[in-house]
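Chain residues, written in single-letter form:
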Amino acid sequence: LYSPLETFDNRSTKKSSTPTSVPLCLRGEKKEVYKELINADCFVFPSWYEGFSGALVEAMMAGVPIIASDIEMNKEAVKDGETALLFRVKDEDDLLEKMQYALENRDYMAGLGANARKEARERFDIKKIALEYENQLFEITTETQRHREK
């Protein structure tokens, strides 16, 4: 989250003793992340590894423009140039380029955010996922029961 006037550290909202060239606010642990996401200009997700990109899906649900590393788990959630901008993992120059592009193309990024929200609602809605899981469990139970009756 960017702050126009101050630089913060990651433990609190106190000023950091180490200034950076870009004002940055790292708000620490938050219980209601969506409140932060809906007010963010962009969600940058530079992970080198993710088991499941839950934070990325939360950003998608919020409709915030996304810049993410091109690790496999991220690519399962977003599509480069359609729902997010992807950069080569561990490539700081590529990340910087994508961040500069995002700043210069806010309307395009807003469109990616809207596309990401639509995609997330279609693919990651918890009610839909729960219903699919319930149906799979029912099928497994039914097949197991049929197999035992034979």
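All figures in this text were calculated on a predicted structure; none of them were measured in a lab.

In this section: the side chain of Asp94. Tracing the backbone through its elements, the reader meets Asp94 in helix α4 (residues 92–104). Owing to a relative accessible area of 4%, Asp94 belongs among the buried residues under this scheme. For Asp94, the residues in contact, after removing those within four places along its chain, are Phe87 and Arg88.

Considering every residue of the chain, the mean pLDDT works out to 81; 81% of them sit at 70 or more. Taking the mean pLDDT of every element in the chain, the minimum, 76, falls on helix α1 (residues 33–37) and the maximum, 97, on strand β3 (residues 85–87).

At a closest axis distance of 6 Å, the pairing of helix α2 (residues 54–62) and helix α5 (residues 106–123) adopts a crossing angle of 115°. Viewed along their axes, α2 and α5 adopt a mutual orientation that is roughly perpendicular. Classified by chirality, the crossing of α5 by α2 is left-handed. Contacts between α2 and α5 involve Met60, Met61 and Ala62 from the first element and Ala116, Arg117, Glu119, Ala120 and Arg121 from the second. Along the lines of polarity and charge, the residues of the contact of α2 with α5 split into five nonpolar, no polar and three charged.

On to the sheet that holds β3. Ordered by their spatial adjacency, three strands build an open sheet running β1-β2-β3, and the pairing between neighbours is parallel. Lying at the two open borders of the sheet, with one neighbouring strand each, are β1 (43–45) and β3. The mean inter-strand angle of the sheet, taken between neighbouring strand axes irrespective of direction, is 15°. One ladder, built from three bridges, connects strand β2 (residues 66–69) with β3; its direction is parallel. What sits directly across from Ala68, in β3, is Leu86. Where α2 meets the sheet, it contacts β1 and β2, and its direction lies at approximately 160° from that of β1.

To continue, consider the packing of aromatic side chains. Under the criterion given, the structure shown has two aromatic pairs. Between Phe43 and Phe45, the ring centres sit 5.5 Å apart and the planes meet at 25°, which makes this aromatic pair stacked. Phe43 gets classed as buried once you look at its relative accessible area, which sits at 16%. Judged by centre distance (5.8 Å) and plane angle (85°), the rings of Tyr101 and Tyr108 are edge-to-face. Given the relative accessible area of 35%, Tyr101 is considered partly exposed.

Analysis parameters
- Residues numbered from 1 in each chain as written.
- Predicted model: local features only at pLDDT ≥ 70, side-chain atom pairs only at ≥ 80, totals over all residues.
- Heavy atoms only, no water.
- Helix = DSSP H or I, 4+ residues; strand = E, 2+ residues; numbered from the N terminus.
- Buried < 20%, exposed > 50% of the residue type's maximum accessible area, 1.4 Å probe, protein only.
- Contact = heavy atoms within 4.5 Å.
- pLDDT = per-residue confidence, 0-100.
- Axes fitted to C-alpha atoms, helices over the stretch in contact; angles between N-to-C directions.
- Parallel < 35°, antiparallel > 145°, perpendicular 65-115°, else oblique.
- Left-handed = near helix turned anticlockwise from the far one by under 90°.
- Nonpolar A, V, L, I, M, F, W, Y, C, P; charged D, E, K, R; others polar.
- Pairing = 2+ DSSP bridges.
- Phe/Tyr/Trp six-rings, centres within 6.5 Å; stacked < 30°, edge-to-face > 60°.

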